[in-house]
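Summary of structural features
If you want the building blocks of each chain, they are given just below.
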Amino acid sequence: MNHHNDLLDRGCRVAFAALLHDLGKFAERAGIQEIDRERLDAHVTNYCPFRDHKYHTHRHAAWTALMFEAVEGSAPDLTTGDVSPFASRTGGVEITDSLVNAAAMHHRPQTFLQWIIATADRVASGFERQEFETYNAGQDRTDTGRNHYQARQLTLFEQIRLAHPPAKGFKVGDLQWRYPLRALSPEWLFPVARKGYEPETDAPAQAEYQQLWQGFLHALEAIPRGHRSQWPLWLDHFDTAWQTFTHAIPAATAFGVKPDVSLYDHSKATAALATALWRWHDECGRSDAAAVQALASREDWDAQKLLLIQGDFFGIQQFIFADGAQTNRNAARLLRGRSFQVSLFTELAALKVLEACALPSTSQITNAAGKFLIVAPNTDEVRAGVQATGRELNGWFLEHSFGLAGLGLVARPASCNDLLKGRFRTLVDGLFADLEAAKLHRFDLVGDAPRVFPVGYPNGPCPYNDHLPADEKGSARLSRDQIALGTQIARQARLLVVDTESSGLHSGGVVPLETAIFGYRVAFTGDEEISGRFAALAGSGGLRRCWDFSLPERLDETLWNGYARRAVNAYVPRFDEVDDWTLDKYRGETGADDDTGVERGAGKTLNHIACEDRQLRADQRGWVGQCALMTLKGDVDDLGQIFREGLAAPTFARMAALSRQMNAFFAVWLPAYCARHHPETYTVFAGGDDFFLIGPWLSTQRLAAAMAEKFRGYVAENPEIHFSAGMVMSKPGLPIHTLASQAEEALDSAKSNGKNGITVFGERIPWADWPAVSAAEKELEQLAADYGLSAGYLYGLLQLIRLAGDRKNPESSIWRSRFAYRTRRYVVDKLRPTERQSAQARLAGAIGERGIARLGGAYRVPLFNHFYKQR
């Protein structure tokens with residue numbers, strides 16, 4: 001094994017020990033009965049603080065030591081062979097520095113490795129010295145009276161305040177929302193009301209933990225045994241399993257500490273920090289007694305041992321919406337392929353940085369919406385590796401995209417004290433500033449980057465992206481890969497990432513991409529048997545990652561399939577049952593925006609999508625309704641301010657948790673929700689804080705409203721967190737970049753005058769008014785059915801809406817009299833005498849008062865929807 005791989009394996013073991021330092025909290029709260037009580041008592045004596053010579057606190061540390069063996073049986077070998085930097089438990093030497101001891105001794109650290117994990121634990125929590133001493137002496141009980149079995153995790157969203165942030169934050173008793181103690185699924189991402197959920201007694205509280213614990217142990221058995229030979233590969237799988245079952249377990253429940261960070265987010269931050277701190281000390285040769293004393297006394301906590309590496313993919317929209325002569329022919333597959341490719345580029349760029357720095361996947365704290373954050377040691381070797389990787393990434397993007405897209409890479413040194421509560425906000429401001437500066441220094445254009453590309457077009461431009469030259473196959477490799485991606489994500493479930501020197505990606509059932517990306521080969525595989533076939537490739541180290549990107553079939557389905565998971569898959573509408581009745585819906589209306597036929601399992605084209613809101617005529621003879629698309633684009637309002645100022649006491653773990661949770665709504669919940677409730681909608685991209693969807697013109701309006709309502713619940717009904725969105729209706733043949741620019745303009749309109757709203761048909765509507773718009777539409781449909789309202793009468797209402805809204809027009813106020821006159825004329829001419837009075841009253845109330853007077857210009861939306869339904 002070479003030095004680089006050896007360093008990576010040792011870092012993985014440090015990360016694993018730190019990741020599981022609070023394993024005992026999980027196990028103890030499960031109330032496991034089948035244990036060796038004598039061993040547990042001995043562990044309590046060894047690992048737990050003894051207070052006032054009377055009692056032991058933080059007994060979870062003893063449980064960490066006791067239950068470690070329940071996990072390590074599924075892990076790479078930790079008992080024989082090389083387990084460095086820890087001591088082997090079977091090597092006949094002093095085992096004080098074993099991996100188990102390093103994990104469990106974080107409340108009573110003594111050795112260097114134990115102090116590394118203990119320091120990382122305290123820094124991740126943002127504890128100042130005195131604050132930690134108070135916590136370390138505290139009892140496991142919140143200020144609501146709930147003990148560590150009963151307390152459920154708070155949501156950070158409920159605590160965010162932008163207008164008037166509280167100086168000292170909230171008390172636990174003031175917060176009314178809790179996360180359900182369930183395995184990760186789209187449904188269980190949402191908080192629930194504390195009242196009626198948080199247990200008041202131990203038995204039901206422990207029963208929830210017991211079910212979760214058993215699920216976790218069973219999940220570990222699903223990781224392919226052949227992947228245990230490679231620490232980086234196996235740890236990536238384990239990280240997903242750990243997240244799946246600990247994302248809603250409160251990390252801390254001691255008095256005075258709000259349980260608002262999950263065990264996963266805290267332990268992940270601890271693992272990243274511990275790995276970086278160990279590497280810095282190891283490479284600087286500082287692991288002796290003096291180093292231990294400096295860590296314990298915090299004498300060296302101002303030393304810049306950490307390097308925070310940020311990556312930012314720029315040019316996303318330009319890349320996704322690039323045009324060519326035949327772009328519309330393959331529009332659907334190109335859109336989903338390019339969107340997936342952006343996520344893939346970001347993941348592989350992060351992997352490239354991790355491998356350049358010899359760091360495990362757990363060092364990558366965030367990855368969302370084209371951005372990632374990695375915690376590395378601040379050493380000469382790592383800094384040089386980051387610079388070299390940045391040049392390599394830039395070179396790849398210049399070669400393959402001619403600068404249409406790229407990835408900025410910046411690094412900021414930091415100390416342990418920078419991550420404590422008193423200084424962390426300043427660090428966050430610096431990280432934001434670094435990314436903004438990186439956007440202005442793309443590709444090192446004042447350095448070695450080429451000003452003009454030495455490229456010819458002997459085969460003409462690529463028909464799918466006219467910036468790229470076509471090769472002898474008539475298109476660019478990158479474009480063919482995008483079409484392949486757009487095809488395979490609808491059929492496959494996993495991605496294999498292999499180094500370019502390895503072979504074996506051409507066996508049956510494996511679909512490789514043509515273009516190597518940053519030195520990696522990428523291939524799709526779907527079947528479990530096929531993806532498990534690569535044990536030899538894993539054993540050789542050639543298989544760098546195996547990622548599951550499948551969508552769940554149900555919203556309550558646990559997101560674990562035995563492999564590391566990446567939320568990079570957008571939902572793709574596909575044909576289910578196909579018969580003559582279904583085909584007639586599209587017949588005569590669809591063009592050929594790609595070559596996909598209408599058959600079961602095939603992906604729908606945008607032309608097919610445009611027909612999905614058509615309805616069968618009452619006489620069963622044909623279909624009625626406009627064939628059109630609705631493009632929906634939106635993002636969370638004031639996101640930067642939320643992260644910089646929203647929390648009263650931000651910490652490293654809290655910021656990582658907030659980023660993960662914000663991303664999960666769009667990247668995890670939204671595609672799954674679309675698959676279940678809006679299967680006709682493309683999620684072109686969704687993640688971080690933004691989304692871009694294309695669907696049928698009417699259903700997409702319903703989806704947008706459902707998203708706003710669901711997001712309100714997701715953020716614990718906090719009125720200061722919301723998103724804005726813009727919608728544009730169009731025929732399916734319009735160029736994709738035109739759809740994107742029009743949707744962007746609509747989004748800008750939605751963010752004007754207070755944000756927290758949506759623009760549709762050119763009307764900006766606050767989300768608070770949307771239920772009234774929806775109710776008005778239903779009422780209008782009923783009136784049209786009851787009284788046979790003519791198109792002329794309804795079209796005339798548009799002029800009255802315009803008149804009522806023109807406040808500068810002296811005649812504005814007479815819209816009511818004109819409405820009353822037109823309505824009276826209609827009921828007299830069209831209805832029987834016995835119906836006229838009641839009809840006049842209904843129309844006046846529904847259209848005049850609750851429509852034009854109450855909604856103003858927004859009433860155009862019900863009218864337009866009615867018109868388009870009739871076409």
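This structure is a prediction, so every number in the text was calculated from the model and none was measured.

By the element assignment, Ala 804 lies in helix 27 (residues 791-805). By relative accessible area, Ala 804 is classed as buried at 9%. The sequence separation of Ala 804 and Asp 499 amounts to 305 residues, and the corresponding C-alpha distance is 66 Å.

Attention shifts here to the side chain of Arg 480. Mapped onto the elements, Arg 480 comes out in helix 17 (residues 477-488). Among residues more than four places away in sequence, those in contact with Arg 480 are Asp 471, Lys 473, Ser 475 and Glu 514.

Before going further, it helps to examine the confidence of the model for the chain. Low pLDDT marks regions whose predicted coordinates should not be analysed in detail. Here the chain averages 89 in pLDDT, and 92% of its residues register 70 or above. For residues 592-596, every residue scores under 50 in pLDDT, and the model assigns this stretch 20 contacts once sequence neighbours within four places are set aside.

Moving on to helix 17. With twelve residues, helix 17 extends 16 Å between its outermost C-alpha atoms, agreeing within 8% with the 16 Å of an ideal straight helix rising 1.5 Å per residue. Most of helix 17 sits inside the fold, with ten of its twelve residues counted as buried. Here helix 17 has its buried residues at Leu 478, Ser 479, Arg 480, Asp 481, Gln 482, Ile 483, Leu 485, Gly 486, Thr 487 and Gln 488.

Next up on the list: the nonpolar core. Of all hydrophobic cores here, the largest spans 184 residues; its most connected members are Phe 16, Phe 216 and Phe 238. Among the elements that line this core, the one with the most residues is helix 23 (residues 652-677), at 16 residues. Residues contacting Phe 238, with those up to four places away along its chain left out, are Phe 16, Leu 19, Leu 20, Val 71, Phe 216, Leu 220 and Ile 223. Judged by nonpolar contacts, the second largest core, of 69 residues, contains Leu 359, Ile 374, Val 382 and Val 572.

Attention now moves to the state of the cysteines. Going through the model one piece at a time under the given rule, you end up with zero disulfides. Residue Cys 611 stays outside any disulfide, its sulfur separated by 3.4 Å from that of Cys 627, the closest cysteine. Of the residues examined, Cys 611 reaches a relative accessible area of 0% and is grouped as buried.

Conventions adopted
Residues numbered from 1 in each chain as written. Predicted model: local features only at pLDDT ≥ 70, side-chain atom pairs only at ≥ 80, totals over all residues. Heavy atoms only, no water. Helix = DSSP H or I, 4+ residues; strand = E, 2+ residues; numbered from the N terminus. Buried < 20%, exposed > 50% of the residue type's maximum accessible area, 1.4 Å probe, protein only. Contact = heavy atoms within 4.5 Å. pLDDT = per-residue confidence, 0-100. Expected span 1.5 Å × (residues − 1). Core = buried A, V, L, I, M, F, W, Y, C linked by side-chain atoms within 4.5 Å. Disulfide = S-S within 2.5 Å.

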